[in-house]
Every structure is written in structure tokens, then in C-alpha cells.
Amino acid sequence: MEMGDESEMGLLFCPWKLIRNFPHRHVGKQDQDDVAGFFKAMLFDGRVWDFYCLLDPGENGRDPLLLVPSAQFEEFLDEINSHLIVRLSIPKGRACAEFYVTFGDGHTPRPRFLDHADSDEALEALKSQIHRLPIDDLKSLSATTLQSYKDKMDRVYNSCKSKKNKRDLEVVRRKRIERQKSCGRMIKRTQRYLGLRNPTVFNFDSNSSMEGWHVNMLVPFRTKESARFICVDVEAWERGMHDITEVGLAVLDTHDILNVPPGTDGRDWFPLIRSYHFIIREHINKVNCRYLHGCPHLFNFGNSEFVYSRDISRRIGTIIGDNESDDERPVVMVGHDIRQDLNYLQKVGFNVWRVPHFVDEIDTKSMFQRLQKSSNGRGLATVCDELGIPGQNFHNAGNDATYTLRAMIVMAVKQMVKSPERQENDVGELE
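Turning to the pairing of strand S4 (residues 112-117), a few remarks are in order. Successive side chains on a regular strand alternate, one facing one side of the sheet and the next facing the other. Of all the 6 residues making up S4, 5 are buried; the element is thus mostly covered by neighbouring parts of the structure. Where strand S2 (residues 49-54) meets S4, 5 bridges bridge the pair, whose relative direction is antiparallel. Each bridged residue has a counterpart across the sheet, and for Phe-51 the counterpart in S4 is Asp-115.

Right, let's get into the packing of aromatic side chains. Each aromatic ring pair is described using two quantities: the centre-to-centre distance and the angle formed by the ring planes. Taken as a whole and assessed by the stated rule, the structure comprises 17 aromatic pairs. Residues Phe-73 and Phe-99 carry aromatic rings whose centres are separated by 5.9 Å and whose planes lie at 10° to one another, so their mutual orientation is stacked. With Phe-73 in helix H4 (residues 70-81) and Phe-99 in the loop between H4 and S4, this residue pair connects regions lying 26 residues apart in the sequence. For the pair shown, Phe-73 and Phe-99 are each scored as buried. Ring geometry for Phe-301 against Tyr-403: centres 5.6 Å apart, planes inclined by 75°, an arrangement best described as edge-to-face. In this pair, Phe-301 is assigned in the loop between strand S7 (274-280) and strand S8 (305-307) and Tyr-403 in helix H12 (residues 397-418), connecting sequence segments 102 residues apart. When the ring centre of Tyr-157 is taken as reference, the NZ or CZ atom of Arg-62 above it lies at 4.1 Å. The ring of Tyr-308 is capped by Arg-310, whose NZ or CZ atom sits 4.6 Å from the centre of that ring.

Quick notes on the rules
Numbering of residues starts from 1 in every chain and runs along the sequence as written. The predicted origin of the model limits local features to residues at a pLDDT of at least 70 and limits the giving and counting of side-chain atom pairs to 80 or more, whereas totals for whole chains, interfaces and linings rest on all residues. Calculated side-chain values reflect all of the structure's heavy atoms, with hydrogen atoms and water omitted. Working definition: with a 1.4 Å probe on protein chains only, accessible area under 20% of the residue-type maximum means buried, over 50% means exposed, and in between means partly exposed. Secondary structure counts use DSSP, requiring at least four H or I residues in a row for a helix and at least two E residues in a row for a strand, with both numbered from the N terminus. By definition, two strands form a pair when at least two bridges between them are found by DSSP. Centres within 6.5 Å make a pair out of two Phe, Tyr or Trp rings, where for Trp the six-membered ring is used; the pair is then stacked when the planes are under 30 degrees apart, edge-to-face when over 60, and tilted otherwise. Charge-over-ring contacts are defined here by two conditions on Lys NZ or Arg CZ: a distance within 6 Å of the ring centre and an angle within 35 degrees of the ring normal.

Given below as C-alpha cells:
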């Protein structure tokens, strides 16, 4: 099967999270600790799993549902039982049905094939490719069929939850609301840094206003101190996620945009972005090809720089800044799923949380979800396509950093143009 292909009708599936939690839910307390450790160690010990995926059809903001064929879990239990004194088995009664789920009734979506995985690292790489899966067409379903499908997915999701917390649904609801608020604030903060929205009441210049403003005019608001947006993208080798192969940085200095109107969708600011692409010399021959097609040799925005692992942290520091930096203006880090890239930076020795002028982070993946009112994240190429940003040679760290920063600009300007009247109603918000 190819990635994205629908599973055959009638195939029985088991949620992967249910498998991972199996020892903690279906093994007695006396043996639980010993069995859990062995169970985890055996999951990928010479074993390859076939992973499928379904996206959440509701608006709950839940992670995509990972599934494996039930038959593979049965085989796994048979093998692990040959090494244990206690015998593990799928429970009887109502709980049994949780391990044998079918999909596709009434032309509802069936799980789509991701790929095979033989390690936790391979599985993490697969998860990063979920955004490439086709989006299921739910509009063709009748209201009754769609509701029935949503109810079924709710039951599957709920089967994976911890039985200890009876307030899970309330917790999920609260987290979703807070996440939505956070994304909304993120967009507003971005617009403020760019001069497109009123600063806080303490910096507010009463002579400035959005009234009559359009994209071919200079930004109407100017803060006391300009900030630098620094976007980061890090590429890791698919066969060993600890091997960082590329680092890309893109910089937009808000001081540079003060005398340049943004233009349609902020595109006149694109040339002001400075792009950097670093290839780690020790891993120069490690090019991803199994789950995505890397292209380290196709940097679109200048010349790539080859750097040894021992030097990359220092090189990053000269751009972002560090404790010895002369430029102490605020730094706003940007990324598409920003936390992952910031964690990768730590692997090459650069800890952005120790940079004294690092003040904020912007996640374009979350921004796009907010604007689309979607519970599922989208990959950078898809986001750029839907925003009308031309792009090529994605999965090159330098290119991705630049396209991500462009996406941030477009979303901030588009949203400001779309609803400028809202701008006048939230002067002094401290988000």
C-alpha cells in the first residue's frame, strides 16, 4: 500500500494508544511494573507494525487517531506470552470490542495507511507526515450518518483515556478553550509586533489609528522598541532523530519594515527577510527519503553554509543573539510546530531559553488552525498553498524557515485587512 491509501473494508483495528497502555489497564498490580517494562521493550524488538490513521471529525482538537491491525496485536501478545509466566490476553465482554474496531459503514472514512514502523523514532517520523494524508470528505454524508460516525470516533477516543480521571471530558474542553484563546492572542501579538495593531495602552499613541488604512500605506502603529522575528527550522535524519542534518533560520527585523508598506498580503515585506541555511558536515550524506524527500542541496534563498557540529551552536548564536550580543532588542522565535524545532536546537547545543532578550514564540501551525477553525494541523507546504504563497523544495531547512516566516506575515496581514474594525475594540489588551 501507498501512504494515504484507504484500508480494505472490514479490516479490524486496534488503537495504538490502547496497546501502549495495555499493561497498566489489564495486568494485575502485583505484576504490573515488571510486565510493563518488558512489554514496552518488546514493542519494537524485531517487530514491524503497520500504522494507519484517522483524523478527528469533530471540533475537539484531538490528536489524529493512530491504529494498527488487531491481528498484529494478537500476534504480539502470542510472542510476549512465550517469554512471560503470566498470560496476557485481550479482555472479554464489552472491553473486548475496544480492540476490534471496524470503519467505513455508510461510506464513512476508513483509516488511511501511513507506513511501517520498526522503532519509536520511525513512528515519530511517521507522525510528522500525517499532514500529507488526504482530507476525508465529510460533506457528502447525511447528517444522521455524520453524527453516527462522530459518536463512534468519540467512543474510540474515550476507550484510550485513563479510567482514573472521570473529569477527562471537562479537562479536554477546558484545554481546547484555552488553546483557542492562546492562538487568538498569538495572532494579535504578531500584529502588534508588526505595527498592525494597537500596542498596549501604555505605549499607545492616540494620534495613530487604523481608520482609512490600507496595505499600500506604512504601518500605523510604532512601538518604542523594534523586535526581530527569527524563524527556525531543523531537519533530523529519519533513521536516527538525534542526528541533526540541517538548520535553517530566517530573520525579519521590524525596524526594516517601518518605511515599507506591507503590500497585498504583506508580500512587499518578503524581500526584507534574511535567510540562512546550515548543513552539518558530519551528516552531509544523511538525506531523508523514506518518509519525506529531503533536498539539502536546493536552498532557494542564497548559498548554504557547511558547519561542523561543534560550531553550529556558536553560528546560531551570532544570528539569534546570546548573553554577549550587542543587539539586545526583543527576539520573537517563529516556527511551524515551534516547540519541536526549539527542542532540536537544544540537541545541537543552543538553548534559546537562556537568551535574555527572547520574549515570545509564534507557532504558524497553531495560527493557521485558528484562522481555519480546524482541529487538525497542516503541513507547511499545505499552509503555503492555501495562503497563496508560491513555494518549492520544501524540507530544506533554510527554505522552510523562510516560507514559515512568509506564512506568518501573510496570516497577520490578511486577518488585519479582513477585520480592521476589531482592531479599534481591543486597545490596551495585554495578550
